[in-house]
There are 2 protein chains.
Amino acid sequence: MHIAIASDHAAFALKQALAAWLRGEGHTVDDLGPDGEASVDYPDYGYRLAEHLAAGHAERGIALCGSGIGISIAVNRHPAVRCALVGEPLSASLAREHNDAQVIALGARLIGPDMARACVTAFLDTPFAGDRHVRRVGKLSHPPFPARPAANESSAA
Amino acid sequence: MHIAIASDHAAFALKQALAAWLRGEGHTVDDLGPDGEASVDYPDYGYRLAEHLAAGHAERGIALCGSGIGISIAVNRHPAVRCALVGEPLSASLAREHNDAQVIALGARLIGPDMARACVTAFLDTPFAGDRHVRRVGKLSHPPFPARPAANESSAA
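Please read all numbers here as calculations on a predicted model, not as lab measurements.

Caption draft 1: Summary view of the packing of helix α4 (residues 89-97) of chain B against helix α5 (residues 113-125) of chain B. Residue and element names in this part refer to chain B. Two elements in contact, α4 and α5, have axes whose closest approach is 8 Å; the angle formed by their N-to-C orientations is 25°. Here α4 is positioned roughly parallel relative to α5, judged by the angle of their axes. Note on packing geometry: the crossing formed by α4 with α5 is right-handed. The residues of α5 that touch α4, namely those facing Pro 89, Ala 92, Ser 93 and Arg 96, are Met 115, Ala 118, Cys 119, Ala 122 and Phe 123. In terms of residue class, the contact of α4 with α5 is built from seven nonpolar, one polar and one charged.

Given below as structure tokens:
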């Protein structure tokens, strides 16, 4: 499978480990950075991953930061991409089965490397269930919001 | 605190339980639905919650569905709202401390009511840490994407 991966500095080591493991399993891996442990901002890498997926350059994506929270929010800003923050394999399976998620986010400071691999395996192995989920997933591509906060919403940002 | 809560049918019972508990703790709770266990689509309720928060009608939000995944994606479509899907209190604290999240999402089929309350308590009690996180959180309100998928991105939707 063609898989893209991106992280922040806190998850750099996990990114390197997962990329090497996935390549060893025969997958094609696009490493979207960063290239080292210097401090970066997770939205930059989450946005890069989302654009890569939306453009069709990869079939699946893995988004990593310290907790997984920040980068999962960034990826989900893209209306064509669905990212599930997971900490165990059942959620990773449900993200595929019910939500047709193209991306999972993992927290490198919260789960260990074996759990991360178990999540990725469940994510890659589970098909979308279709059926009633198709309508709901479709609605996720058509949010009733502008892409930027309105002026009177700045306090919430 | 002024708190809004929304769910899908799978998480209706947890929504009722959390709303009653929060009111008993002295909070003001806006219940944005649904009103019963009839099947609904989680994006509709996630979007309603996001708009409620972005408009300043509540300070914090709680988003519930079976896994928490689908409704967390919906809430995060709004560029002024940050939603963290969590399954334990440490993640709920980090969502506030690092990401200034206004909303947490919980999976009613994955965690029990005591764990849900522990997550909500950590979420309500933890302040934003500010500092270097301010710049990163700010970037989450300015994604470099349109609000709708481009025509050539339809395959990813």
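Picking up after the structure, the text goes on.
Caption draft 2: Here's a closer look at the sheet that holds strand β4 (residues 83-85) of chain A. Residues and elements named next belong to chain A. Read from one edge of the open sheet, five strands run β2-β1-β3-β5-β4, paired in parallel fashion. Two strands lie at the open edges of the sheet, namely β2 (28-31) and β4, each paired on one side alone. Averaged over all pairs of adjacent strands, the angle between strand axes in this sheet comes to 25°, irrespective of strand direction. Both β4 and strand β5 (residues 103-107) contribute to a ladder of three bridges, which runs parallel. Paired with Ala 84 across the strands is Ile 104, a residue of β5. Running at roughly 165° to strand β1 (residues 2-7), helix α2 (residues 42-54) makes contact with β1, β2, β3 (60-65) and β5 of the sheet.

Caption draft 3: Broad picture of the packing of helix α1 (residues 12-24) of chain A against helix α5 (residues 113-125) of chain A. Residues and elements named next belong to chain A. Between α1 and α5, the shortest axis-to-axis distance is 11 Å and the interhelical angle comes to 50°. Relative to α5, the element α1 lies oblique. Of the two elements, α1 crosses α5, and the hand of that crossing is right-handed. Residues Leu 14, Leu 18, Trp 21 and Leu 22 of α1 form the contact with α5, whose own contacting residues are Pro 113, Ala 116, Arg 117, Val 120, Thr 121 and Leu 124.

Caption draft 4: Representation of the nonpolar core in the model. Formed by 106 residues in total, the largest nonpolar core has its most connected members in Leu 49, Ile 62 and Leu 106 of chain A together with Leu 49, Ile 62 and Leu 106 of chain B. Residues within four places of Ile 62 of chain B in sequence aside, it is in contact with Ile 3, Ala 4, Ile 5, Ala 6, Leu 18, Leu 22, Leu 49, Val 103, Ile 104, Leu 106 and Val 120 of chain B.

Caption draft 5: Representation of the packing of aromatic side chains. In total, this model carries two aromatic pairs over all chains according to the counting rule given. Considering the side-chain rings of Tyr 47 of chain A and Phe 145 of chain B, the 5.3 Å spacing of their centres and the 85° angle between planes classify their relative orientation as edge-to-face. A residue pair is termed interchain when its members come from two chains, as with Tyr 47 of chain A in helix α2 and Phe 145 of chain B in the segment after α6 (133-139). Phe 145 of chain B carries the same exposure label as Tyr 47 of chain A, and that label is buried.

Caption draft 6: Inspection of empty space enclosed by the protein at higher detail. Going through the model one piece at a time under the given rule, you end up with two cavities of 30 Å³ or more. By volume, the largest cavity amounts to about 50 Å³. Along its surface, the largest cavity is lined by Arg 77, Pro 79, Pro 143, Phe 145, Pro 146 and Ala 147 of chain A together with Arg 77, Pro 79, Pro 143, Pro 146 and Ala 147 of chain B. The computed volume of the second largest cavity comes to approximately 40 Å³. At the level of secondary structure, the elements contributing two or more residues to the lining of the second largest cavity comprise α3 (69-76) and β4 of chain A together with α3 (69-76) and β4 (83-85) of chain B. Counting residues per element, the lining of the second largest cavity draws most heavily on β4 of chain B, which supplies three residues.

Caption draft 7: Broad picture of the interface of chain A and chain B. Listed by partner, the interface residues are 53 residues for chain A and 53 residues for chain B. Each partner contributes to the roughly 5,100 Å² buried at the junction of chain A and chain B, and carbon and sulfur atoms together form 56% of this total. Summed over the three residues of chain A that lose the most area to chain B, namely Arg 77, Arg 136 and Phe 145 of chain A, the buried surface amounts to 16% of that side. Taken together, the links from chain A to chain B amount to eight salt bridges. Here Asp 41 of chain A ties to Lys 139 of chain B by a salt bridge, and the two come within 2.8 Å at their closest N and O atoms. Linking chain A to chain B there are 26 residue pairs in polar contact (both at pLDDT 80 or more). Elements represented by at least two residues in the side of chain A that touches chain B include exactly α2, α3, β4, α4 (89-97) and α6 (132-139) of chain A.

Caption draft 8: Summary view of the pairing of β1 of chain A. All names here are of chain A. Among the six residues of β1, five are classified as buried, and the element is accordingly described as predominantly covered. With four bridges connecting them, β1 and β2 associate as parallel partners. Across the sheet, residue His 2 finds its bridge partner in β2, namely Thr 28. You can see the chain leave β1, run along α1 and come back into β2, and the turn it takes is right-handed. Relative to β3, β1 runs parallel, the two being bridged by five bridges. When the sheet's bridge partners are listed, Ala 6 is paired in β3 with Ala 63.

So, how was this worked out
- Residues numbered from 1 in each chain as written.
- Chains lettered and ligands numbered in written order.
- Predicted model: local features only at pLDDT ≥ 70, side-chain atom pairs only at ≥ 80, totals over all residues.
- Heavy atoms only, no water.
- Axes fitted to C-alpha atoms, helices over the stretch in contact; angles between N-to-C directions.
- Helix = DSSP H or I, 4+ residues; strand = E, 2+ residues; numbered from the N terminus.
- Parallel < 35°, antiparallel > 145°, perpendicular 65-115°, else oblique.
- Left-handed = near helix turned anticlockwise from the far one by under 90°.
- Contact = heavy atoms within 4.5 Å.
- Nonpolar A, V, L, I, M, F, W, Y, C, P; charged D, E, K, R; others polar.
- Pairing = 2+ DSSP bridges.
- Core = buried A, V, L, I, M, F, W, Y, C linked by side-chain atoms within 4.5 Å.
- Buried < 20%, exposed > 50% of the residue type's maximum accessible area, 1.4 Å probe, protein only.
- Phe/Tyr/Trp six-rings, centres within 6.5 Å; stacked < 30°, edge-to-face > 60°.
- 1 Å grid on protein atoms, 1.4 Å probe; cavity = no way out; pocket = protein on both sides within 12 Å on 5 of 7 lines; lining within 4 Å.
- Points joined across faces, edges and corners; volume = space filled by probe spheres on them.
- Buried area = accessible area lost by both parts, 1.4 Å probe.
- Salt bridge = Lys/Arg side-chain N within 4 Å of Asp/Glu carboxyl O.
- Polar contact = N/O pair within 3.5 Å; in protein donor to acceptor, adjacent residues only side chain to side chain.
- Right-handed = clockwise from strand over helix to strand, strands pointing away.

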